[in-house]
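Working through the structure, step by step
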Amino acid sequence: HSIREYLNQMELQLPPHEGEELSVVDMHTGGEPLRIIHSGYPEVKGDSVLSKRRYVREHLDHLRRVLMYEPRGHYDMYGALIVDSEVPEADLGVLFMHNEGYSTMCGHAVIALGRFAVDYKLVKEPQSPETQVNIHCPCGLVKAFVEYSDGKTGGVRFLSVPAFAFATDVKVTVERFGEVTVDISYGGAFYAFVDAQRFGLDVTKSRTRDLVDAATAVTNAVKCQVKLHHPTSDDLAFLYGTILTDGKDNYSSDPTANICVFAEAQVDRSPTGSGVTARVALQYHKGLIQLNQTRTFQSGATESQFTGKAVEETKCGDFKAVVVEVAGRAFYTGVSRFVQEPDDKLTHGFLLK
Ligand SMILES: O=C(O)[C@H]1NCC[C@@H]1O
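Residues numbered from 1 in each chain as written. Predicted model: local features only at pLDDT ≥ 70, side-chain atom pairs only at ≥ 80, totals over all residues. Heavy atoms only, no water.

Details of the overall build of the protein chain
Under the convention used in this document: Under the scheme used here, helices are H or I runs from DSSP no shorter than 4 residues and strands are E runs no shorter than 2 residues, and both carry numbers assigned from the N terminus. Accessibility here uses a 1.4 Å probe with only protein chains present; expressed as a share of the type maximum, an area under 20% marks a residue as buried, one over 50% as exposed, and anything in between as partly exposed. Pairs of residues are marked as contacts when any of their non-hydrogen atoms sit within 4.5 Å. Surface accessibility in these figures is a Shrake-Rupley result with a 1.4 Å probe; residues are shielded only by whichever protein chains are displayed. Note that His is not counted, nor are the chain ends; the positive residues are Lys and Arg, and the negative ones are Asp and Glu. Here the site of a charge means NZ on Lys, CZ on Arg, CG on Asp, or CD on Glu.
Helix and strand counts for the protein chain stand at six helices and 17 strands. For the C-alpha atoms alone, the extent of the protein chain along its principal axes is close to 65 × 50 × 45 Å. Here the protein chain, with 353 residues, has 54% of them falling under the buried criterion. Considering only intrachain contacts with a sequence separation of at least 6, the fraction spanning at least 24 residues in the protein chain is 63%. Taken as a whole, the protein chain presents about 16,200 Å² of accessible surface, with 47% of it coming from carbon and sulfur. Each charge class in the protein chain can be summarised by its mean position, and for the 36 positive and 46 negative side chains these summaries are 3 Å apart.

With respect to the site of the ligand
Stated precisely, the cut-off is as follows: The near set for a molecule or strand comprises every residue that places at least one heavy atom within 4 Å of it. We define a polar contact as two N or O atoms separated by no more than 3.5 Å, with the added condition that, inside protein, one atom must be a possible hydrogen donor and the other a possible acceptor, whereas residues neighbouring each other in sequence contribute only through side-chain atom pairs. Charged means Asp, Glu, Lys or Arg here, nonpolar means Ala, Val, Leu, Ile, Met, Phe, Trp, Tyr, Cys or Pro, and polar covers whatever is left, Gly included. Segmentation into domains, and thus their bounds, comes from an automatic or database assignment.
The ligand sits among 13 residues. The nearest are Gly-107, His-108, Asp-268, Gly-273 and Ser-274. The backbone of His-108 places a nitrogen or oxygen atom 2.8 Å from an oxygen atom of the ligand. Between Tyr-240 and the ligand, the recorded distance is 2.9 Å, taken from a side-chain N or O atom to an oxygen atom. Bound to the protein, the ligand loses 100% of the 260 Å² it would expose on its own. Where the shell around the ligand is concerned, the elements lending two or more residues are helix H4 (107-119) and helix H6 (273-285). Broken down by class, the residue content of the shell around the ligand amounts to six nonpolar, five polar and two charged. Built from parts of two domains, the shell around the ligand gets at least three residues from each of domain 1 (13-142 + 332-337) and domain 2 (164-328).

Considering a nonpolar patch on the surface
Let me state the cut-off plainly: Residues with no salt bridge and a relative accessible area higher than 30% make up the patches, which join like charges within 9 Å and nonpolar side chains (Val, Leu, Ile, Met, Phe, Trp, Tyr) within 5 Å. We define a salt bridge as a side-chain nitrogen of Lys or Arg found within 4 Å of a carboxyl oxygen belonging to Asp or Glu.
Where nonpolar side chains cluster on the molecular surface, the patch consists of Ile-3, Tyr-6, Leu-7 and Met-10 and spans about 410 Å² of accessible area. Within the secondary structure, Ile-3 is located in helix H1 (residues 3-9). Taking the relative accessible area as the measure of exposure, Ile-3 reaches 67% and is therefore exposed.

Concerning the domain arrangement of the protein chain
We count it as follows: Take the accessible area each of two parts loses on contact, using a 1.4 Å probe, and add the two losses: that sum is the buried area.
According to the domain assignment, the protein chain consists of domain 1 (13-142 + 332-337) and domain 2 (164-328). Contacts between the two partners involve 22 residues from domain 1 and, on the opposite side, 25 residues from domain 2. Buried surface at the junction of domain 1 and domain 2, summed over both partners, amounts to about 1,800 Å²; 55% is from carbon and sulfur atoms. Remark: the boundary between domain 1 and domain 2 carries two salt bridges.

Structural notes on the pairing of strand E1 (residues 22-29)
We apply this condition: Only strands that DSSP links by at least two bridges are regarded as paired with each other.
Burial analysis of E1 places seven of its eight residues in the buried class, the great majority of the element. Sheet analysis places E1 next to strand E17 (residues 330-338), joined by eight bridges and oriented antiparallel. Along E17, the bridge assignment pairs Asp-26 with Gly-334. As judged from the seven bridges shared by E1 and strand E2 (residues 32-39), these two strands associate in the antiparallel manner. Paired with His-28 across the two strands is Pro-33, which belongs to E2. Between E1 and the antiparallel strand that follows it, E2, lie two residues; Gly-30 among them carries a positive phi value of about 55 degrees.

Considering the packing of aromatic side chains
Here is the rule: Side-chain rings of Phe, Tyr and Trp (the six-membered ring for Trp) are treated as a pair once their centres are within 6.5 Å; stacked means planes under 30 degrees apart, edge-to-face means over 60, and tilted covers the remaining angles. By definition here, charges over rings are those cases where NZ of Lys or CZ of Arg is within 6 Å of the ring centre and within 35 degrees of the ring normal.
If you walk through the whole model with that rule in mind, you get 14 aromatic pairs. What links up through ring pairs into an aromatic cluster is the set Tyr-78, Phe-96, Tyr-191, Phe-193, Tyr-240 and Phe-262. Across from the ring centre of Tyr-102, 5.8 Å away, lies the NZ or CZ of Arg-64, which sits over that ring. Directly above the ring of Phe-145 sits Arg-157, whose terminal nitrogen or CZ lies 4.3 Å from the centroid.

With respect to H6
Stated formally: One less than the residue count of a helix, multiplied by 1.5 Å, gives the span that helix is expected to have.
For H6, built from 13 residues, the straight-helix expectation of 18 Å at 1.5 Å per residue is met to within 8% by its first-to-last C-alpha distance of 18 Å. A large share of H6 lies buried, amounting to twelve of its 13 residues. Listing the buried residues of H6 in full gives Gly-273, Ser-274, Gly-275, Val-276, Thr-277, Ala-278, Arg-279, Val-280, Ala-281, Leu-282, Gln-283 and Tyr-284. Positioned one or two residues after H6, Gly-287 has a phi angle of 75 degrees, which is positive.

In structure tokens, the structure reads:
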């Protein structure tokens, strides 16, 4: 036998380790990774998805670093931990994690989790042509509809939580750039929006590092200079990131590109589901699109696309809001079984900035 034959026929076994194995299913949506934790996490305590989010932040954050950071992940890794939800209509609850902590909404993850929930039988008796999967995210209940035919899952569309323009034409003083006018909008998470041209940049052509630096400077400025609030929970009232756009907000059937820099200068490879939600709410608020007018949003990083449209007017507290539908496609990339060795000084992970 050759050594290749020997290895090929041998069942893959776990290497020497101590403690629980962490197993994950990896997917990507428009290039943005989603590491779905399959098994190995301890019990997540809390009587609501939001309190579970607080619990993991306080008690289990070392596991986020193990799974998101190098050497098992990387600076821009993204993860999802499926949990029980306190809401009867929910099929599952989910906590999102990234390089800095835990977000409140993630559209690319919802698109991937919709497929995962059907393929891994978290919902009983899938329906054709679409199976509904109710996903309780920290921001609220998100309804995903997963294409399903001949036993195969496909594209996913989801209806997000009420989205609203929080403030438009807000002037902030940004380090290195001076006064910058931003719009702030909520799509399950708060984002600041600015046309990249303001910084002499192009979201599809400029170096990622330059886009990250400009967007991060805006995020820092808005965090210090604008107080956010959300009508339903203080846990939701923080700026998640800045989205630089190509400025093409007037309705067109052509795609409009944007790039989202969120958490700790993390770059979304996808067009950003929660960002598309917030951007559609903003465009609707400005009278630039009508209900059910679909726009295509393209990632400045990978050219991957989501579609988005406002489908219904609603309210969120005193804010005039809209329900936004976002659609995209996720793919599986593999499964991994991670272990830790007690004498590995880097086992809890590290990041290179
Ligand atoms: O698609 C989204 O909404 C997300 N992707 C990474 C950053 C956001 O949470």
